[in-house]
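Okay, here's what each chain looks like letter by letter:
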Amino acid sequence: MPARKAPTVAEVRAGGQPPGLKERRNEEHWAGRLYMRTASPYFSWLFLRIGFSPNQLTYLMIVCGMLGGVVIALSSSGTAGILTAVAGALLIQAYLLLDCSDGEVARYSERTSITGVYLDRIGHYMSEVALLVGLGVRAQGGLESGIWVELGLIAALGAVLIKAETDNVVVARAKSGLPAEPVTGDRALRPRSTGLALARQTASMLRFHRIIGAVELSLLILAAALIDVLVLHADGDDGWTVTRVLAVAVAAVAVVQTVLHFVSIVASRRLR
């Protein structure tokens with residue numbers, strides 16, 4: 001049989017990024033829309049030429065995300081602290097790239113699968129947990145028990161619970177014999193209470209919840225490291241630093257968002 005013609009980048013983009021992909025309300029990350037979806041087809045083309053499968057790319061995504069959390073925990077002071085923050089941010093950018101490319105390769109090669117969806121969801125869980133725990137260890141100044149590590153663990157638990165709250169809507173609907181998405185679409189996301197609907201809209205506009213997302217948090221950790229070392233000349237063992245303030249902030253946001261997200265779901269029409 002004749003060898004299959006190698007795809008062009010344009011063909012990978014057309015097949016891997018169907019119309020409306022960038023506009024997905026709750027799925028597409030702002031960084032994907034802003035720059036990563038422009039760059040990812042070139043890497044997806046390379047991955048296809050090498051012969052990576054979609055699931056192999058997802059596994060690599062998980063590795064990059066978890067390594068990002070490990071690296072930022074290694075050091076928080078001096079030049080080493082900046083270097084680990086830079087390395088962590090770059091690993092999270094690789095995580096985002098692979099998150100785009102695994103789907104593009106799957107769609108272009110017509111190899112989408114339930115396993116791929118499952119691995120993708122688990123990958124996001126694991127990567128965000130690793131980064132939040134890594135921030136706690138970084139703020140503590142080492143892998144030892146202390147309030148900062150505990151704050152990182154609280155934030156990680158909150159991030160997992162928020163994702164579980166979202167995913168279990170689909171589980172609950174499936175067990176009740178309902179389609180995964182309500183037929184009313186986005187209207188089902190709005191709480192029935194006017195007050196709750198306004199509060200949800202306000203929280204969505206402020207977007208404070210994004211600081212516990214992997215991409216945003218990695219950039220905040222880098223900014224905190226630069227301020228700590230270059231501006232404050234601070235050492236984590238000496239007291240409060242911007243890194244420690246960030247650890248408090250992400251823990252607080254995770255706890256508040258866990259409660260608000262739960263209330264929003266129960267008060268909406270998604271469970272009906």
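**Focus on the overall build of the protein chain**
A count of helices and strands for the protein chain gives nine helices and zero strands. Of the regular secondary structure in the protein chain, the N- to C-terminal order runs α-α-α-α-α-α-α-α-α. Scored against the burial criterion, the 272 residues of the protein chain give a buried share of 44%. If you take every contact in the protein chain between residues at least 6 apart in sequence, the share linking residues at least 24 apart comes to 77%. If you sum the accessible surface of the protein chain, you get close to 14,400 Å²; carbon and sulfur atoms cover 66% of it.

**Some words on helix H3 (residues 54-72)**
A rise of 1.5 Å per residue sets the reference length of H3, with its 19 residues, at 27 Å; its end C-alpha atoms lie 28 Å apart and thus fit the reference within 8%. Regarding H3, the residues found buried are Pro-54, Leu-57, Thr-58, Met-61, Ile-62, Cys-64, Gly-65, Gly-68, Gly-69, Val-71 and Ile-72. Taken together, the buried residues of H3 touch helix H2 (30-50), helix H4 (78-108), helix H5 (114-140) and helix H8 (214-232).

**Side note on the pattern of salt bridges**
Oppositely charged side chains are able to pair whenever their charged atoms sit close together. Using the criterion set out here, one finds three salt bridges in the structure. A salt bridge links Asp-167 to Arg-121, with the nearest nitrogen and oxygen atoms 2.4 Å apart. Of this pair, Asp-167 sits in helix H6 (residues 147-175) while Arg-121 sits in helix H5; the two residues are 46 residues apart in sequence, bridging distant segments of the chain. Using a relative accessible area of 22% as the deciding quantity, one classes Asp-167 as partly exposed.

**Observations concerning the packing of aromatic side chains**
Going through the model one piece at a time under the given rule, you end up with two aromatic pairs. Ring centres of Trp-148 and Trp-240 lie 5.1 Å apart, and the angle between their planes is 90°; on these two criteria the pair is classed as edge-to-face. You can see Trp-148 sitting in helix H6 and its partner Trp-240 sitting in the loop between H8 and helix H9 (242-267), a full 92 residues away along the chain. Residue Trp-240 is classed as exposed on the basis of its relative accessible area of 61%.

**Some details on the nonpolar core**
Core analysis: the biggest nonpolar cluster contains 41 residues, and Leu-131, Leu-132, Leu-135, Leu-217, Ile-221, Leu-246 and Val-250 have the highest contact counts within it. If you list the elements that add at least two residues to this core, you get H2, H3, H4, H5, H6, H8 and H9. Among the elements that take part in this core, H4 stands out by supplying nine residues, more than any other.

**Examining unusual backbone geometry**
In the Ramachandran plot, Glu-110 falls in the positive-phi region, its phi being about 55° despite a non-glycine side chain. With respect to the helices and strands, Glu-110 occurs in the loop between H4 and H5. Looking at Glu-110, the relative accessible area reads 73%, which means it is exposed.

**A look at the environment of Val-255**
On the secondary structure map, Val-255 appears in helix H9. Expressed as a C-alpha distance, the spacing of Val-255 and Ala-159, which sit 96 residues apart in the sequence, is 8.6 Å.

**Let's talk about the packing of H8 against H9**
Where H8 meets H9, the axes come as close as 8 Å, and the angle between the chain directions of the two elements is 150°. When the axis of H8 is compared with that of H9, the two are roughly antiparallel. Residue-level contacts link Leu-217, Leu-220, Ile-221, Ala-224, Ala-225, Ile-227, Asp-228 and Leu-232 of H8 to Val-242, Thr-243, Leu-246 and Val-250 of H9. Of the residues assigned to the contact of H8 with H9, the class counts are ten nonpolar, one polar and one charged.

**As for H2**
An ideal rise of 1.5 Å per residue puts 30 Å on 21 residues; H2 measures up with 29 Å between its terminal C-alpha atoms. By the largest-angle criterion, Met-36 marks the main kink of H2, which is about 65°. Residues of H2 that are buried sit in contact with helix H1 (9-16), H3, H4 and H8.

**Let's talk about the environment of Ala-80**
Topologically, Ala-80 is positioned in helix H4. Given a relative accessible area of 36%, Ala-80 falls into the partly exposed group. Each C-alpha atom, one on Ala-80 and one on Val-229, is 9.9 Å from the other, the two residues being 149 residues apart in sequence.

**Regarding the environment of Leu-178**
Mapped onto the elements of the fold, Leu-178 is located in the loop between H6 and helix H7 (194-206). Exposure remark for Leu-178: the relative accessible area of 35% places this residue in the partly exposed category. Each C-alpha atom, one on Leu-178 and one on Leu-271, is 9.5 Å from the other, the two residues being 93 residues apart in sequence.

**A few points about a nonpolar patch on the surface**
A cluster of nonpolar side chains, Leu-226, Ile-227, Leu-230, Val-231 and Leu-232, forms an exposed patch at the surface whose accessible area comes to about 440 Å². The topology assignment puts Leu-226 in helix H8.

Reading the values: the criteria
Numbering of residues starts from 1 in each chain and follows the order in which that chain's sequence is written. At least 70 in pLDDT is required for a residue's local features to be given in this predicted model, at least 80 for side-chain atom pairs to be given and counted, and no such filter applies to totals for whole chains, interfaces and linings, which use all residues. Processing note: side-chain calculations cover all non-hydrogen atoms of the structure and skip hydrogens and water entirely. In this text, helices come from DSSP runs of H or I with a minimum length of four residues, and strands from runs of E with a minimum of two, each type numbered from the N-terminal end. Burial status follows relative accessibility: with a 1.4 Å probe on protein chains alone, a residue under 20% of its type maximum counts as buried, one over 50% as exposed, and anything between as partly exposed. The contact rule is simple, with two residues in contact once any of their heavy atoms fall within 4.5 Å. Surface accessibility in these figures is a Shrake-Rupley result with a 1.4 Å probe; residues are shielded only by whichever protein chains are displayed. One fewer than the residue count of a helix, multiplied by 1.5 Å, yields its expected span. Here, a salt bridge means any side-chain nitrogen of Lys or Arg that lies within 4 Å of a carboxyl oxygen of Asp or Glu. Here a Phe, Tyr or Trp ring, Trp counted by its six-membered ring, pairs with any other such ring whose centre lies within 6.5 Å, and the pair is stacked when the planes are under 30 degrees apart, edge-to-face when over 60, and tilted otherwise. Here, nonpolar core means buried Ala, Val, Leu, Ile, Met, Phe, Trp, Tyr and Cys residues that are tied together by side-chain atoms lying within 4.5 Å of each other. Interaxial angles span 0 to 180 degrees and are taken between N-to-C directions of axes, which are lines fitted to C-alpha atoms, for helices over the stretch in contact. Oblique is the label for any angle not under 35 degrees, not over 145, and not in the 65 to 115 range, which are roughly parallel, roughly antiparallel and roughly perpendicular in turn. Classification used: nonpolar for Ala, Val, Leu, Ile, Met, Phe, Trp, Tyr, Cys and Pro, charged for Asp, Glu, Lys and Arg, polar for all others including Gly. The reported bend at a residue is simply the angle between two axes, fitted to the 7 residues ending at it and to the 7 residues beginning with it. Surface patches are drawn from residues lacking salt bridges whose relative accessible area is over 30%; two like charges belong together within 9 Å, two nonpolar side chains (Val, Leu, Ile, Met, Phe, Trp, Tyr) within 5 Å.

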